[in-house]
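The primary structure of each chain is shown beneath.
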Amino acid sequence: MAHFILTYGYNDTPLRAERRPDHLAHLDKLKADGSLVLAGPLADLSGGIIVLSAADQEAAAALVDQDPYTQLDVTKDRLLREWKITVGLPA
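Core analysis: the biggest nonpolar cluster contains 17 residues, and Phe4, Leu6, Leu30, Leu36, Ile50, Leu52 and Leu80 have the highest contact counts within it. Broken down by secondary-structure element, the contributors of at least two residues to this core are strand 1 (2-10), helix 2 (20-32), strand 3 (47-54) and helix 3 (57-65). With five residues, the top contributor of residues to this core is strand 1. Apart from the residues within four sequence positions on either side, Phe4 is in contact with Ile50, Val51, Leu52, Ala54, Asp56, Gln57, Ala60, Leu80, Arg81, Glu82 and Trp83.

Quick look at the packing of aromatic side chains now. Applying the stated criterion across every chain yields a total of one aromatic pair. Residues Tyr8 and Tyr10 carry aromatic rings whose centres are separated by 5.7 Å and whose planes lie at 75° to one another, so their mutual orientation is edge-to-face. Of the two residues examined, Tyr8 and Tyr10, each falls in the buried class. The lysine or arginine in question, Arg16, covers the ring of Tyr10, its NZ or CZ lying 3.5 Å from the ring centre.

Looking at the element boundaries, Pro21 is found in helix 2. Taking the C-alpha atoms as reference points, Pro21 and Ser35, 14 residues apart in sequence, are found 19 Å from one another.

This next bit is on helix 3. Where helix 3 is concerned, the buried positions are Ala60, Leu63 and Val64. An end-on view of helix 3 places all buried positions within 100° of arc, on one side of the element. The inward-facing, buried residues of helix 3 contact strand 1, helix 2, strand 3, helix 4 (68-71) and strand 4 (75-83). Sitting at the amino-terminal end of helix 3 is Asp56, which places a side-chain oxygen 3.2 Å from the backbone nitrogen of Glu58.

With that settled, the discussion passes to the sheet that holds strand 3. With antiparallel pairing, the four strands of this open sheet are ordered in space as 2-3-1-4. Looking at the sheet topology across the chains shown, the edges are occupied by strand 2 (36-41) and strand 4. Neighbour-to-neighbour, the strand axes of the sheet open up by a mean angle of 15°, direction not taken into account. Relative to strand 4, strand 1 is paired through seven bridges, and the arrangement is antiparallel. The residue bridging Gly9 from the neighbouring strand is Lys76, located in strand 4.

Another aspect to go through is the pairing of strand 2. Bridge count between strand 2 and strand 3: five bridges; the pairing is antiparallel. Each residue of the ladder has a partner; that of Leu36, found in strand 3, is Leu52. Joining the antiparallel neighbours strand 2 and strand 3 is a turn of five residues, in which Leu45 adopts a positive phi near 60°.

The next thing to look at is the confidence of the model for the protein chain. Averaged over every residue, the pLDDT of the protein chain is 95; residues scoring 70 or more account for 97%. Mean pLDDT values for the elements of the protein chain range from 92 in helix 1 (residues 15-18) up to 98 in helix 3.

Criteria and cut-off values
- Here the residue numbering is sequential within each chain, running from 1 through the sequence in written order.
- Per-residue local features of the predicted model are confined to residues with pLDDT of at least 70, and side-chain atom pairs are confined, for both listing and counting, to 80 or more; whole-chain, interface and lining totals are unaffected and use all residues.
- Processing note: side-chain calculations cover all non-hydrogen atoms of the structure and skip hydrogens and water entirely.
- For our purposes a nonpolar core is just a set of buried Ala, Val, Leu, Ile, Met, Phe, Trp, Tyr and Cys residues, chained together by side-chain atoms within 4.5 Å.
- Throughout, exposure labels follow a simple rule: accessible area from a 1.4 Å probe, protein chains only, divided by the maximum for the residue type, with under 20% read as buried, over 50% as exposed, and the rest as partly exposed.
- Helix and strand assignments come from DSSP, with helices taken as H or I runs of at least 4 residues and strands as E runs of at least 2, each series counted from the N terminus.
- By the convention used here, residues are in contact when the closest approach between their heavy atoms is within 4.5 Å.
- When two rings of Phe, Tyr or Trp (its six-membered ring) have centres within 6.5 Å they constitute a pair, described as stacked for plane angles under 30 degrees, edge-to-face for angles over 60, and tilted for the intermediate range.
- Counted as over-ring charges are cases with an Arg CZ or a Lys NZ within 6 Å of the ring centre that also lie within 35 degrees of the ring normal.
- The arc in question is traced by the directions running from the helix axis to the C-beta atoms.
- Any pair of nitrogen or oxygen atoms within 3.5 Å is treated as a polar contact; in protein, a donor-acceptor pairing is required on top of that, and neighbouring residues in sequence qualify only through side-chain atoms on both sides.
- We call two strands paired when DSSP finds no fewer than two bridges between them.
- Note on definitions: angles span 0 to 180 degrees between N-to-C directions of axes, and those axes are lines fitted to C-alpha atoms, for helices only across the stretch in contact.
- For every residue, the predictor states its confidence as a pLDDT score lying anywhere from 0 to 100.

See below:
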């Protein structure tokens, strides 16, 4: 499995607060199936970072596409990149 980092900002929309429970449920599902390594907002709340474990870029993109925040365009400037971890592999 490879690791991927998704970085994103937020669009100015009330959907962010309204759909947050759905977004978190999606992340919980990914965590339960082993696809989510880490996730959380940036300290200044301007965006967030999600670290995924997936077979390839296409599989990682499919996980991102399933997120309610992606589907409802709550996030912007999404950038999904493969990350080659050198030190500190996640458990």
